[in-house]
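The residues making up each chain are set out below.
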Amino acid sequence: AIPVVEGYHEEFPLLKSELDLLYYLIAGRLCMGVCTTAKEKKLQPDNKYILISEAPGWDLLKKWITINPSFAKNQFYKAVGFEPSTFPSEEEVLKKRHQSVSPIFSVSYKKPLYLDSAAFQYMYDKTGNTILDAYNNIPHVGHQHPKIVAAGQRQMGQLNTNTRYLYDPLQEYAEKLLSKFPDALNKVYFVNSGSAASDLAIRLAKRHAQKQQMVVMEHGYHGNTKQGIDISHYKYKSKGGPGQSEGIIEAIIPGTFRGMYKGQNAGALYAKDLIETINRNSGDIAGFISEPIVGCGGQVPLAKDYLKLVYPAIRNQGGVCISDEVQTGFGRLGSHFWGYEMYGVVPDIVILGKPMGNGHPIGAVVTTNEIAESFNNGMEFFSSFGGNPVSCAIGSAVLDVIDEEGLQKNSLEVGNYFMAQLSTLQNKFNCIGDVRGSGLFIGIELIKDDNLTPDTFLANTIKNELRNRNVLVSTDGPYDNVIKSKPPLCFSKENVDQVIFEFEKLLVINH
């Protein structure tokens, strides 16, 4: 494009405002081209000539979105002699941020990201870099997905209020969301975050069971409210945490890589231990809460048959079973739409958040009619923003995009490819102790030796060096030695190849 812009400018001088639009005009022209081809293919199915321009058009569109719009604009500026746009450094922006925002709102990476915009699986920083997002699971169907943006804009321009009034988007979205669940899970409460959903889920459980104790998973995380922290081992046992509260019973994470039990019977053995604890507290337990794959524990799947044995033990003494699907739900695991389905169980309460609104703040609790009736004791439940028309329109659009674009299937196929590529690396590098997860929810545990000594330093080095190479992953787990990847579900095999290429280079350098 540069020589074209240079030559054009010599004959017909361009304005800055025209160059500001050029990146988007090129994209628009490509979109027109592929749309026209799609129409003509239907009208003239036997005309092979029509296909000649289709493949290059799509190829260039896919390349075009990997180019940072700011970078393109500055290149066009340089071509005609204009000064490129300049910005303050990340350090200057961080210093200014800390003047008004507490440092407790931490930032990721040694070199923070100073972002300008994003699209699908790419994020664009202020300095012109395109960053492959292999980490953020909140933009579930892709950053700034046009259908999601349009749904929010339309509804915002028509009506936005609260659930004290009647409006169509609420019941339409509720019905669409509940259609993804078994018939028994037929009531939904809308809130505006996963944390609020966790808090409400515990209230529902305690009210229904008329008990106060909760069984929680080791290294589990369920939100930032007081009650959310009380049930989050990841928080209450961490630095600065308040410690274990009265009425909290801890379940050992049933992992098969680093845990005390291995092999096919591991789940049954972990369950046996927990059931003994449950029986010692018989009559006091309101419920059990866990993620299907424990994210903050290092992307640890629960051992086979564990939930099948634990759920009945909880229910036998009047407690309820809660599945936290904030990170694992909405098709991310590929093989199943909800994580609990992997284990052949149906919970009594399901917690939803993060990907539900593709970045828009929305959460929900889904439960049974029986539990909902127990909660309906005369005290009104109300959330100012939960279930508002804009949130419902956006949530509904997310479900549409998942179905229309086959994103659950893509998560399965690309996730399987990702796991296979990582397993190949594992065979080459003994520092990769374990590769685990499902779909596009993956953990890579790094170790120093056969004793499974955690390699926290290597994991954090790779995380930060990948960031410097414009690939985003993160680290987690009790030793912070597990690299985790949970990208938008539009992630492609080509994106996986980029991650693997950079990851392998870093392993060669650092191991």
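Each chain has its residues counted from 1, following the order in which its sequence is written. In view of the model being predicted, local features appear only for residues whose pLDDT reaches at least 70, and side-chain atom pairs are presented and counted only at 80 or more, with totals across whole chains, interfaces and linings using the full set of residues. The basis for every side-chain value is the complete set of non-hydrogen atoms in the structure, without hydrogens or water.

Peer 1: I'm lost on the sheet that holds strand β3 (residues 130-133) in this one. Help?
Peer 2: The strands that make up a sheet are held in pairs by hydrogen bonds between backbone atoms, and each pair lies either parallel or antiparallel. With mixed pairing, the four strands of this open sheet are ordered in space as β1-β2-β3-β15. The two strands at the open ends of the sheet, each matched to only one other strand, are β1 (115-119) and β15 (471-472). Sheet analysis places strand β2 (residues 122-125) next to β3, joined by three bridges and oriented antiparallel. Looking across to β3, one finds that methionine 123 is bridged to isoleucine 131. Two strands form a pair only when DSSP identifies at least two bridges running between them. Numbering goes from the N terminus for both helices and strands, where a helix is a DSSP run of H or I of at least four residues and a strand is a run of E of at least two.

Peer 1: I would appreciate a short explanation of helix α16 (residues 456-468) in the present structure.
Peer 2: Counting along an α-helix, one turn takes 3.6 residues, and residues three or four places apart therefore face a common direction. One less than the number of residues in a helix, times 1.5 Å, gives the span that helix is expected to have. For α16, spanning 13 residues, the distance from its first C-alpha to its last is 18 Å, which sits close to the expected 18 Å at 1.5 Å a residue. Three labels apply to residues, based on accessible area from a 1.4 Å probe with only protein chains included: buried if under 20% of the type maximum, exposed if over 50%, partly exposed otherwise in between. Of all the residues in α16, the buried ones are Leu458, Ala459, Thr461, Ile462, Lys463, Asn464, Leu466 and Arg467. With its phi angle positive at about 65°, asparagine 470 sits one or two positions after the end of α16.

Peer 1: I would appreciate a short explanation of the packing of helix α7 (residues 168-178) against helix α14 (residues 389-404) in the present structure.
Peer 2: Geometrically, a packed helix pair is captured by the angle between its two axes and the distance between the axes. Note on geometry: axes are lines fitted to C-alpha atoms, helical ones only across the stretch in contact, with angles between N-to-C directions running from 0 to 180 degrees. Closest axis-to-axis distance for the α7/α14 pair is 9 Å, and the angle between their directions is 35°. Between α7 and α14 the crossing geometry is left-handed. Contacts between α7 and α14 involve Pro169, Leu170, Tyr173, Lys176 and Leu177 from the first element and Pro389, Cys392, Gly395, Ser396, Leu399 and Asp400 from the second. Only Asp, Glu, Lys and Arg are considered charged in this grouping, and only Ala, Val, Leu, Ile, Met, Phe, Trp, Tyr, Cys and Pro are considered nonpolar; every other residue, Gly among them, is considered polar. When the residues that make up the contact of α7 with α14 are grouped by side-chain class, the tally is seven nonpolar, two polar and two charged. Should the near helix be turned counterclockwise from the far one by less than a right angle, the crossing is left-handed, whereas a clockwise turn marks it as right-handed. Should any heavy atoms of two residues lie within 4.5 Å, those residues are counted as being in contact.

Peer 1: Teacher, can you tell me more about the pairing of strand β14 (residues 441-446) here?
Peer 2: Along any regular strand, the residues point their side chains to alternate faces of the sheet. Here β14 lies mainly inside the structure; six of its six residues are buried. Taking every second residue as pointing to the same face, both faces of β14 are buried, with Phe441, Gly443 and Glu445 on one and Ile442, Ile444 and Leu446 on the other. As defined by bridge partners, strand β13 (residues 432-438) adjoins β14 across six bridges and the pair is classed as antiparallel. Each bridged residue has a counterpart across the sheet, and for glycine 437 the counterpart in β14 is isoleucine 442.

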